[in-house]
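Structural overview for review
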Amino acid sequence: MPVPISLCIGTLIFIYITHWVYRWRNPKCSGKLPPGSMGFPLYGETHRFFTPTPTTCDLPPFIKERKERYGPVFKTSLVGQFLIVSTDPEVNHTIMTQQEGQSFEFWYPDSCRKIFGEQSLLVLHGHVHKYVRSMVVHHFGPNSLKQKLFPYILEGVQRNLSSWASQDSIELNEALKNMIFALTAKKLIGYDQIKPTENLRKCFDAFMEGLISFPLDVPGTAYHRCLQGRKQVMKILKDMLQERQKTPKRCQDDFFDYVLDELKTEGTALTKEIALDLMFLLLFASFETTSIETTFAIKLLTDNPAVLKELTEENEAIIRSRRNVDAQLTWEEYKSMKFTIQVINESLRLANIVPGVFRKALKDIQIKGYTIPAGWGVMICIPSVHTNPAKYKDHLKFNPHRWDGVELNGGTKDFMAFGAGQRFCVGSDFARVQMAVFLHHLVTKYRWKVIKGGDIARVPALTFPNGIHVKISEKNT
Ligand code: HEM
């Protein structure tokens, strides 16, 4: 090729790339975009976001640094997606409690959709979402909890604690995961044989890590392991569904039975694909979240003996007030555990296991003098709400008494551990009951000692990188 033509082509390519980089860094907007950096083309600021950080209960450094530099609402780009991050409690609450489908819609990045499935609750909108959600509430909501699930939780907690006390030590987070998974898998899909439960549970091993990791689907990455795990779980669930469809009679009284009945209902919005993705999401959502939350609560109690003492006194008083000291914990007693509920609220506030929830702008939206362009994602930063010093005095201190007299029903502007609005967590009551029952039995019958581990890190999800190894002993030994 003659030199002048090569030069021309080279110059054109250079101009094109320069223009493209400029456009990346300065995206089009009909108004004023919030301040912030778009990072490198395509890659954005992904690396910084996913860098593991040893931490206290404070905001992840990625958010903290940008909040300080740019203010409470800033722009960034993560895994190829233009994003507005909001750390502002008002903005967060307004977005989360808006009617979906008008200014914002419920949205998660493609990487999450791949993991949870194209028919999962994360993708469903409108009446199909409402319908599927109501099925879950029917099974995990307060009525079913009180009548059906409460006795199972009691039995599971007591059996596991007793078994852990007979061992030299246990890794608490792993042990809690197994306990909660076994319970949920039983009540969801009738899974109770010890061995298969372990296998199914193992498929979720790389999940938390993969869910909030760089979405590179090549062998060796956390994301790839996570997708492989999904494949295995979906195969098991599909086989089970087929098997159950062949069995004409109701056999387990679990969520599967209920789904099978719904699938037979004329005009139902439920399909097999929705049902399977739903089971998958519920299996994951119910055990990963509650187990890490409970582990974190135990860590906070270990580090705060005065709180542990008060918690123990409340729960021992419940036992003392019974006519029969050997009686089981009742639903009414659970409801009366004021300080225990405060300990749970405060643990939820500080744990911040959900670093952010996502929405998408459906049209150009004006917020705090800035424009969120149509099509952009919004990451609502929940930890920033929970560590807001204007609302929470000594915001990093574990102080359950800050909840004295506060009743939490749903999400509020200052507390959204379970989200808020139309997508408020359907498992919040289930998680709370499991945590309360566990704490009750742990503090009244057992003591524990941390043997090793206990450090926390955020990647940006909360993890215990070296586990938390504890020796649990019965109090009267
Ligand atoms: C401590 C434990 C838990 C925490 C911190 C938690 C947190 C959350 C949050 C923040 C959301 C809102 C997501 C958003 O707005 O984008 C959510 C939704 C959801 N959670 Fe939980 N969750 C927990 C336990 C559970 C359990 C036990 C279940 C299962 C029964 C569950 C099932 C779900 C489902 C299905 C949704 C989606 C609801 C919808 O789209 O309508 N979660 N959770």
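Definitions and limits used
- Residues numbered from 1 in each chain as written.
- Predicted model: local features only at pLDDT ≥ 70, side-chain atom pairs only at ≥ 80, totals over all residues.
- Heavy atoms only, no water.
- UniProt positions renumbered as here; feature names shortened; annotations may be inferred.
- Pairing = 2+ DSSP bridges.
- Helix = DSSP H or I, 4+ residues; strand = E, 2+ residues; numbered from the N terminus.
- Contact = heavy atoms within 4.5 Å.
- Axes fitted to C-alpha atoms, helices over the stretch in contact; angles between N-to-C directions.
- Near = heavy atom within 4 Å.
- Polar contact = N/O pair within 3.5 Å; in protein donor to acceptor, adjacent residues only side chain to side chain.
- Nonpolar A, V, L, I, M, F, W, Y, C, P; charged D, E, K, R; others polar.
- Donors = N, O, S within 2.8 Å, 3.2 Å for Na, K, Ca; no water.
- Patch = residues over 30% accessible without salt bridge, like charges linked within 9 Å, V, L, I, M, F, W, Y side chains within 5 Å.
- Areas by Shrake-Rupley, 256 points an atom, 1.4 Å probe, with all protein chains shown as cover.
- Salt bridge = Lys/Arg side-chain N within 4 Å of Asp/Glu carboxyl O.
- Buried < 20%, exposed > 50% of the residue type's maximum accessible area, 1.4 Å probe, protein only.

Looking at an unreviewed UniProt entry, the protein chain carries the name Cytochrome P450, with the source organism given as Papaver nudicaule. Per its UniProt entry, the protein chain bears the Cofactor (unreviewed entry) comment "heme".

**With respect to the sheet that holds strand β5 (residues 170-171)**
Taking strand neighbours across the sheet as the criterion, the 3 strands line up as β5-β13-β10 in an open arrangement whose pairing is antiparallel. Looking at which strands have only one partner, the edges of the open sheet turn out to be β5 and β10 (446-453). Relative to strand β13 (residues 468-474), β5 runs antiparallel, the two sharing 2 bridges. Within β13, the position partnered with Glu171 by the bridge is His469. Packed on one face of the sheet, helix α13 (residues 272-303) meets β10 and β13 and runs near 95° to β10.

**Topic: the sheet that holds strand β11 (residues 457-458)**
By way of backbone hydrogen bonds, the strands of a sheet pair with one another, either parallel or antiparallel. The strand order across the open sheet formed by 3 strands is β1-β11-β12, and the pairing between neighbours is antiparallel. A strand with exactly one partner marks an edge of an open sheet, and here the two such strands are β1 (53-54) and β12 (462-463). Sheet topology places β11 next to β12; 2 bridges connect them, and they run antiparallel. Following the sheet pairing, Ala457 is matched in β12 by Thr463.

**Remarks on the site of the ligand**
Tyr108, His129, Arg133, Arg359 and Cys425 are the nearest of the 27 residues found near the ligand. Contacts to the ligand include Arg133, whose side-chain N or O atom sits 2.7 Å from an oxygen atom. Listed by contribution, the elements that provide at least two residues to the shell around the ligand are α6 (126-140), α13, β6 (357-361) and α18 (428-445). Among the elements that make up the shell around the ligand, the one with the highest residue count is α13 (7 residues). In terms of residue class, the shell around the ligand is made up of 17 nonpolar, 6 polar and 4 charged.

**Some points on the coordination of the iron atom of the ligand**
The textbook angles at a metal center are 109.5 degrees for a tetrahedron of four donors and 90 or 180 degrees for an octahedron of six. With respect to protein ligation, the iron atom of the ligand binds only Cys425 (SG), at 2.3 Å. Here Cys425 shows up in the loop between α17 (382-386) and α18.

**Some remarks on a nonpolar patch on the surface**
Together, Ile5, Ile9, Ile13, Tyr16, Ile17, Trp20 and Leu42 make up a nonpolar patch on the protein surface, roughly 690 Å² of accessible area in all. As for its position among the elements, Ile5 is in helix α1 (residues 3-25). We classify Ile5 as partly exposed; its relative accessible area is 43%.

**So, the side chain of Arg432**
With respect to the helices, strands and loops of the structure, Arg432 is situated in helix α18. Engagement of the side chain of Arg432 in a polar contact is seen with the side chain of Asn345, the distance being 2.8 Å. Every residue in contact with Arg432, bar those within four places of it in the chain, is listed here: Tyr334, Ile341, Ile344, Asn345, Leu348, Leu408, Phe415 and Phe418.

**Details of the pattern of salt bridges**
Enumeration over the complete set of coordinates arrives at 23 salt bridges. Among the salt bridges present, the one from Glu155 reaches Arg159, with a minimum N-O distance of 2.9 Å. You can see Glu155 and its partner Arg159 sitting in helix α7 (residues 142-165), 4 residues apart, about one turn around the helix. Arg230 is paired through a salt bridge with Asp277; the nearest N and O atoms lie 2.8 Å apart. Taken as a pair, Arg230 in helix α11 (residues 222-246) and Asp277 in helix α13 lie far apart in primary sequence, 47 residues in all.

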